[in-house]
Amino acid sequence: MKIIRARDYNDMSRKAANIISAQIILQPGCVLGLCSGATPIGTYEQLVRWYDKGDLDFSGVRAVCLDEYVGVPRGDPHSFRYFLSSCLFDCVNIRPENVFVPDGMAGDLAAECGRYDRTIASMGGIDLQLLGLGYNGHIGFNEPGAAFEKDTHCVRLAESTRRANARYFDNMHLVPSKAITLGIKPIMQARKILLIVSGEDKSYVLEQALLGPVTPRVPASILQLHPDVTVIEYGAMP
Ligand code: F6R
C-alpha cells in the first residue's frame, strides 16, 4: 500500500486526478470504478479541466458507478447518477453507453445486482477503482459488519451514514434508507484501488482502516489485503 500525504484538498485532488489520467492515457479503454460524495469533487473538476485543455480523452473509457440509492429516480438531483453526470460524465466525451450505474428503481433489486455484476464481469472487471471513506469505515455502502465476500447487493444504510448524507437533503426523513452497492468482493477484484480521504474528522477511522486489524467492523480495513492500493490523504493521517 502506498500512502501519499497531500498538502491540502486541491493537492489531494490533483494527485488523484493524475493517477486517473495516467490510467486513461496508458489504457484508453479502461474500466474506471467511480465513487460519489464530497471527497472526489475536486478530482472530477481537475479531470474536466484537463479534458477541456485537450489533455484527456474519455471516448474509450467505461465508467462503473460504485453505488446508487434505492428509490431515487435517475433524473433526481440526489441520485448518484445525477451527481456523477453533472460532475464528470456531462462535462467530458465519455459515451453514454459506456456509463454504468445500478438501477435503484428496479422492481427486482436482487436481479439488478446480479445484472450489474455480470456487466462488470463482461467488461473484464474494473481496472482502477476510486473510493472515498465513510466516517464509520465504509467503502461504497458496505457498512460495518457486512460480509467481505459479498457481490453487488442491496444494503440498509447505517443511521450514521444517513445522518452524514442528510446535508444533501432538505431533511433527514428524505434520506433514502437503502442503496445498491458494489460489494467488497468486486471492489477487491479491481486491479488497482485509489482511496482518497480528506479531513481531520476521518483520522480515527483512517488509522483503524490502515493500521488496525482487518475486520468487517471496519470495512475499509480489507484494503490492507489488496496488492495495489494507493491512499492519498489530506489532514487525515494521525
Ligand atoms: C460514495 C460512497 C461512499 C463515500 C463515503 C465518503 O459513492 O460510496 O463510500 O465515498 O461515504 O463520502 P464523502 O466523500 O462525502 O465524505
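Fair warning: this is a prediction, and the values are worked out from it, not measured in the lab.

Chemist: Break down the nonpolar core for me, with residues and values.
Modeler: If you look at soluble globular proteins, the nonpolar side chains tend to sit buried side by side. Core analysis: the biggest nonpolar cluster contains 64 residues, and L34, Y44, L47, F58, L88, F89 and L206 have the highest contact counts within it. Formed by 10 residues, the second largest nonpolar core is a distinct cluster that contains F141, L157, A166 and A179.

Chemist: With reference to specific residues and values, describe the packing of helix α2 (residues 41-52) against helix α3 (residues 80-87).
Modeler: Relative to each other, α2 and α3 sit at 40°, their axes nearing to 9 Å. The orientation of α2 relative to α3 falls into the category oblique. Here α2 contributes I41, Y44 and V48 to the contact with α3, which in turn contributes F83, L84 and C87. Looking at the contact of α2 with α3 residue by residue, the classes come out as 6 nonpolar, no polar and no charged.

Chemist: Describe the environment of C154, listing the residues and the values that go with them.
Modeler: Take C154: it is sitting in strand β7 (residues 153-156). Residue C154 is classed as partly exposed on the basis of its relative accessible area of 32%. In contact with C154, not counting residues within four places along its chain, are V70, L109, C113, K178, A179 and I180.

Chemist: Any details on the pairing of strand β3 (residues 62-65)? Residues and values, ideally.
Modeler: For strand β2 (residues 31-34) and β3, the ladder comprises 4 bridges, and the chain directions are parallel. Bridged to L34 within β3 is C65. Strand direction decides the pairing type here: β3 and strand β5 (residues 99-100), joined by 2 bridges, are parallel. Across the sheet, residue V64 finds its bridge partner in β5, namely F100.

Chemist: Lay out the sheet that holds strand β4 (residues 67-69) with the relevant residues and their values.
Modeler: Sheet strands line up and pair through hydrogen bonds in the backbone, either parallel or antiparallel. Taken in spatial order, the 3 strands of this open sheet run β4-β8-β7, and their pairing is antiparallel. The strands lining the two open edges of the sheet, one partner per strand, are β4 and β7. Neighbouring strand axes in the sheet, compared pairwise and without regard to direction, differ in orientation by 25° on average. As judged from the 3 bridges shared by β4 and strand β8 (residues 178-181), these two strands associate in the antiparallel manner. Bridge pairing links D67 to T181 in β8.

Quick notes on the rules
Residues numbered from 1 in each chain as written. Predicted model: local features only at pLDDT ≥ 70, side-chain atom pairs only at ≥ 80, totals over all residues. Heavy atoms only, no water. Core = buried A, V, L, I, M, F, W, Y, C linked by side-chain atoms within 4.5 Å. Buried < 20%, exposed > 50% of the residue type's maximum accessible area, 1.4 Å probe, protein only. Axes fitted to C-alpha atoms, helices over the stretch in contact; angles between N-to-C directions. Helix = DSSP H or I, 4+ residues; strand = E, 2+ residues; numbered from the N terminus. Parallel < 35°, antiparallel > 145°, perpendicular 65-115°, else oblique. Contact = heavy atoms within 4.5 Å. Nonpolar A, V, L, I, M, F, W, Y, C, P; charged D, E, K, R; others polar. Pairing = 2+ DSSP bridges.

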